[in-house]
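An overview of the molecular structure
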Amino acid sequence: MTKVAVNYPGKGTFERGIHPPEMKQWAEDKSISVLPTPKELYIPLLQHVGAPAKLLVAPKEQVVYGQVIAEAGGFISAPIHSPVAGVVGRGANITLANGRHVPMVPVVTASDSVGAADGIYEDMLGGEWPLSLLDDFSPEEIVDKIKQAGIVGQGGAAFPTFVKVLKNKDKPVDALVINGCECEPYLTADHRVMLEAPQAVIAGTLLAAKASGAKAIYIAVESNKMDAVEALRPYAQGTAVTLAVVETRYPMGGEKQTVRAVTGRTIPTGGLPLDVGVVVMNVSTTWAVARAVLRGKPLTHRVITVTGRGIAEPKNVLAPVGVPLQELIDFCGGLKADTARIIAGGPMMGFTVGNLKTPVTKGTSGITVMTLDDVHEEETTHCVRCGRCVDVCPLNLIPTKMALAAKNKDWELAKKYHIGACMECGCCAYSCPANIPLVQLIRMGKVQMLKK
Amino acid sequence: MSTQGMMRDVLVGLVPLILTGLVVFRGAALAQMVICVAACVAAELVFTAMRKGPVSIKDGSAAVTGMILALSLPATAPWFVGVLGSVVAIGLSKVIFGGLGQNLFNPAMVGRAFVMIAFPAMIGASAYVVQDASVHALTMATPLTSLKMSGVVTPLGQLLTGATNGSIGETGALACLLGGIYLCWRRAAAWQIPVAVIASAAVISLLSSGFSISAVLHELSAGALLFGAFFIATDPVTSPVTPRGRWIFGIGVGCFIMMLRKLSGYPEGVMFAVLLMNAVVPLINRWTIPEPLGGPVPVRN
Ligand code: SF4
Ligand code: SF4
């Protein structure tokens, strides 16, 4: 492993966790390619944590590229912009990959829409991102532009970004941690963004730091992506940004784990990084921030990894929000005959999808297509109480007992074992020799406990 | 990794003990192993059929129980001892609780306890000495008995290589170490347990012997201490799931072994020590619920 000078307060690692096969080989060397503009988009009105956005357009209405089609529906919410020019269709409900039923509005693309133009890569990721311009923006302006651009976290949880960087009088922030770990196996979108738009990443990072008032600024990258560190280094030089190389270990990209690895601080259970003076932001989000502030453009597209043994030509794709999975799969040569499972996200925390009309959202980082070989499942046996799940849980929980309590609907016991603290990272299920679907049981238990 | 794979690891870890047993006790040992494994597998089939549960032979746990039971018996024990022990191990201690993973007590040790009480002469201390045996080792009392009864200290070399009398699997200390380390390395056994058992037994023996290193080494390598520490106490099903719990459990087993060895008329205490500690595992699991990273879940109203 490359040895890198460590000049951040954390240890570069966290306790427990696992090291699954990385499986990044399918797409890590594929430059970001642009998806030809799809004929129709299904734009969900809830793509983030918080309140759904409120629709502003009516059926048959013409919209232009970048137009606000739905406004924020509350404080913790984000507006949605049309990624193409076209005609709005009749709204309906749709099921997202994560199982939530949300309202959706279709947009039929006009034949001459931007996005079809070749220049879109240049416009979005290319060009200069001059750091000298950053002084022109006050923290308030930055927050406002992030808010207007509808940016939400692109790592998966999709929390509205402006809320994160907004200065909080009661909880001052002193550190910004940019999460470029991308610890999920298979996924390479963040990696490619760091390689292909390093200057945008640094610019966005500095803007976010300025908005939040953070003095210490770190970009955490796992040690298996040293080329990304090298790509960022020239632009980070002379700025306040520290490139923090952390150990390659799942789930390094989890907020609690990254913050612990980089700053040595422990986020309280049920709390936010803010509680320990930290703001955490995904690395792809920094690109969106830079684009919103420096170029005045909303978040309409993102980079999505389409990968796995089951896809003909794995790629990293720059695609509009709302595109159905089918289009992305077709663009990547289609599915192979022995495809067994399609996952929105990575294999550890992603969601298996059954319907390829399901659209991608601002938080979709990849599509992982697995074949029969990948998923050949061993039989499930009784728990043999081997404790392997306990040995790997990064949060120091007892997965087997929580899962059993959830299965038996013994909520008192589930609480005793701190079921509410579980972040559903999947380390436990990955390590279980008995193949017990621990995360599913725990997730189900948490949902049912809330309903009670 | 699968349950089956884990059981395979245990069987591989047992290979050095099996070989040592075969070298020392020859055909009698082979017969005992075949009888116990076959009887355990058959019992599992019959009992699961009776409970109409899923057939769980494939996971290999019955074979592991059979092998460990065989290794814990004297080679001289007649065939029906092995068969009965197996039937009790699988029927009374495992399937009745719901099969693999549901039992409270280590099945092999329950089976052994049963035959020990039922046939004290055939498996008690006297069973080991076969005066007219052709194999030299069989003409001697076990190292722990000779120490207790006549104060004879068996040389360490003999204890390490297995050139002594005893249960089939316990004679070779080196074989136990080798197989045990493999087991821990494969994570088929939690390393904290053998370390805790051995360390606590060593400390007690050091104190009680007036700081005699040779007494400690004799204590550790004679009898079933190493066999028990690595292969019996580590049975995942009947030991705690948390690291802290495993330390408590291991120390408990070590202390009980030493107590039984020193205070009871019976020179060997591994089996009872493990069974005793098995009984408190649910309690240990409750005592050792760790605090989640970041503290307990806040209560919201
Ligand atoms: S890893 Fe699986 S078999 Fe082992 S204790 Fe946890 S749930 Fe049980
Ligand atoms: S219990 Fe929750 S936090 Fe712990 S390993 Fe399992 S999924 Fe991850």
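Rules used in this analysis
- Residues numbered from 1 in each chain as written.
- Chains lettered and ligands numbered in written order.
- Predicted model: local features only at pLDDT ≥ 70, side-chain atom pairs only at ≥ 80, totals over all residues.
- Heavy atoms only, no water.
- Helix = DSSP H or I, 4+ residues; strand = E, 2+ residues; numbered from the N terminus.
- Buried < 20%, exposed > 50% of the residue type's maximum accessible area, 1.4 Å probe, protein only.
- Contact = heavy atoms within 4.5 Å.
- Areas by Shrake-Rupley, 256 points an atom, 1.4 Å probe, with all protein chains shown as cover.
- Polar contact = N/O pair within 3.5 Å; in protein donor to acceptor, adjacent residues only side chain to side chain.
- Near = heavy atom within 4 Å.
- Nonpolar A, V, L, I, M, F, W, Y, C, P; charged D, E, K, R; others polar.
- Pairing = 2+ DSSP bridges.
- Buried area = accessible area lost by both parts, 1.4 Å probe.
- Expected span 1.5 Å × (residues − 1).
- Bend = angle between axes of the 7 residues up to and from the residue.
- Patch = residues over 30% accessible without salt bridge, like charges linked within 9 Å, V, L, I, M, F, W, Y side chains within 5 Å.
- Salt bridge = Lys/Arg side-chain N within 4 Å of Asp/Glu carboxyl O.
- Lys, Arg positive; Asp, Glu negative; His and termini not counted.
- Charge placed at Lys NZ, Arg CZ, Asp CG, Glu CD.
- 1 Å grid on protein atoms, 1.4 Å probe; cavity = no way out; pocket = protein on both sides within 12 Å on 5 of 7 lines; lining within 4 Å.
- Points joined across faces, edges and corners; volume = space filled by probe spheres on them.
- Axes fitted to C-alpha atoms, helices over the stretch in contact; angles between N-to-C directions.
- pLDDT = per-residue confidence, 0-100.

A few points about the overall build of chain B
Looking only at helices and strands, chain B has 13 helices and 0 strands in total. Along the chain direction, N to C, the helices and strands of chain B fall in the order α-α-α-α-α-α-α-α-α-α-α-α-α. Burial status across chain B gives 57% buried among its 301 residues. For chain B, long-range pairs separated by at least 24 residues make up 74% of all intrachain contacts whose partners lie at least 6 apart in sequence. Looking at chain B as shown, the accessible area adds up to about 12300 Å², and 73% of this sits on carbon and sulfur atoms.

Quick word on the side chain of His301 of chain A
Residue and element names in this part refer to chain A. Tracing the chain through its elements places His301 in strand E14 (residues 301-307). Exposure remark for His301: the relative accessible area of 5% places this residue in the buried category. Engagement of the side chain of His301 in a polar contact is seen with the side chain of Thr300, the distance being 2.8 Å.

Structural notes on the site of ligand 2
For ligand 2, the set of nearby residues contains 13 residues, the closest of which are Cys393, Cys422, Cys425, Gly426 and Cys428 of chain A. When grouped by side-chain class, the residues that make up the shell around ligand 2 number 11 nonpolar, 1 polar and 1 charged.

What about the pairing of strand E15 (residues 315-320) of chain A?
All names here are of chain A. For E15, the buried fraction is high: 6 of the 6 residues fall into the buried class. Alternating residues of E15 divide into Lys315, Val317 and Ala319 and Asn316, Leu318 and Pro320, and every residue in both groups is buried. Bridging between strand E1 (residues 32-34) and E15 involves 3 bridges; their strand directions are parallel. In the sheet register, Val34 faces E15, and the bridge partner there is Leu318. Bridge count for E14 against E15 is 6 bridges, and the pairing is antiparallel. Bridging from a neighbouring strand, His301 pairs with Pro320 of E15.

Regarding the interface of chain A and chain B
Each partner contributes to the interface: chain A provides 34 residues, whereas chain B provides 34 residues. Interface area, chain A with chain B, both sides summed: about 3000 Å², of which 55% is carbon and sulfur. Interface area lost by chain A to chain B is led by Val384, Arg385 and Arg388 of chain A, which between them contribute 24%. Our count for the chain A to chain B interface comes out at 15 residue pairs in polar contact (both at pLDDT 80 or more). Looking at the side of chain A that touches chain B, the elements that each hand over two or more residues are helix H7 (255-263), helix H11 (388-392) and helix H13 (411-416) of chain A. At 3 residues, the largest contribution of residues to the side of chain A that touches chain B is made by H11 of chain A.

So, helix H1 (residues 3-51) of chain B
Residue and element names in this part refer to chain B. Along its 49 residues, H1 runs just 21 Å from first to last C-alpha, ending more than 12% under the 72 Å computed at 1.5 Å per residue. At Phe25, H1 shows its largest kink, close to 130 degrees. Lys52 sits one or two residues past H1 and shows a positive phi near 55 degrees.

Focus on a negative patch on the surface
A surface patch of negative charge is lined by Asp135, Asp136, Glu140, Glu141 and Asp144 of chain A. Mapped onto the elements, Asp136 of chain A comes out in the loop between helix H1 (120-124) and helix H2 (139-148).

Some thoughts on the layout of surface pockets
Roughly 570 Å³ of volume is contained in the second largest pocket. Along its surface, the second largest pocket is lined by 26 residues, and Cys383, Thr400, Lys401 and Leu404 of chain A together with Gln102 of chain B are the ones closest to its centre. When residues in the lining of the second largest pocket are grouped by element, the largest group, 6 residues, is from helix H12 (residues 399-407) of chain A. By residue class, the composition of the lining of the second largest pocket is 13 nonpolar, 8 polar and 5 charged.

Focus: the sheet that holds strand E13 (residues 278-282) of chain A
All names here are of chain A. In spatial order, the strands read E12-E11-E10-E13; together these 4 strands make up an open sheet with parallel pairing. Edge positions in the sheet fall to strand E12 (241-246) and E13, since each has one partner strand and no second. Adjacent strand axes in the sheet meet at a mean angle of 25 degrees when their direction is disregarded. Two strands pair when backbone bridges link them, and strand E10 (residues 175-180) and E13 are joined in this way by 5 bridges, in the parallel orientation. Residue pairing for E13: Ala175 is matched across the bridge by Val278. Running at roughly 170 degrees to E12, helix H6 (residues 226-236) makes contact with strand E11 (216-222) and E12 of the sheet. Of the strands in this sheet, E10 and E13 touch helix H8 (residues 283-295), which is tilted by about 85 degrees from E13.

Thoughts on the pattern of salt bridges
Using the criterion set out here, one finds 20 salt bridges over all chains in the structure. Across the pair Arg309 of chain A and Asp374 of chain A runs a salt bridge, and its minimum N-O distance is 2.0 Å. Remark: Asp374 of chain A occurs in helix H10 (residues 372-375) and Arg309 of chain A occurs in the loop between E14 and E15; sequence separation between them is 65 residues. Judged by its relative accessible area of 29%, Arg309 of chain A falls in the partly exposed class. The salt bridge partner of Glu219 of chain B is Arg261 of chain B, with a shortest N-O separation of 3.0 Å. Placement of Glu219 of chain B in helix H10 (residues 213-221) and of Arg261 of chain B in helix H12 (residues 243-263) is noted, with a sequence separation of 42 residues between them. With respect to class, Glu219 of chain B is no different from Arg261 of chain B; both count as buried.

Observations regarding helix H11 (residues 225-232) of chain B
Burial runs high along H11 of chain B: 8 of the 8 residues are buried. Listed in full, the buried residues belonging to H11 of chain B are Leu225, Leu226, Phe227, Gly228, Ala229, Phe230, Phe231 and Ile232 of chain B.

Description of unusual backbone geometry
All names here are of chain A. Backbone torsion omega between Tyr250 and Pro251 reads -5 degrees, so that peptide bond is classified as cis. Relative to the elements of secondary structure, Pro251 occurs in the loop between E12 and H7. Here Met23, not a glycine, exhibits a phi torsion of approximately 55 degrees, which is positive. Examined against the element boundaries, Met23 turns out to sit in the segment before E1.

Some words on the confidence of the model for chain A
The predicted model of chain A averages 88 in pLDDT, with 97% of residues at 70 or higher. For chain A, per-element mean pLDDT is lowest for H10 of chain A, which scores 83, and highest for H11 of chain A, which scores 94.

Brief notes about the pairing of strand E16 (residues 339-344) of chain A
Residue and element names in this part refer to chain A. Bridging between E16 and strand E18 (residues 366-371) involves 5 bridges; their strand directions are antiparallel. Paired with Ile343 across the bridge in E18 is Thr368. Two elements, E16 and strand E17 (residues 351-352), share 2 bridges in a ladder whose sense is antiparallel. By the bridge assignment, Ala344 is partnered in E17 with Phe351. The hairpin turn running from E16 into E17, its antiparallel successor, is 6 residues long, and Gly345 in that turn takes a positive phi close to 100 degrees.

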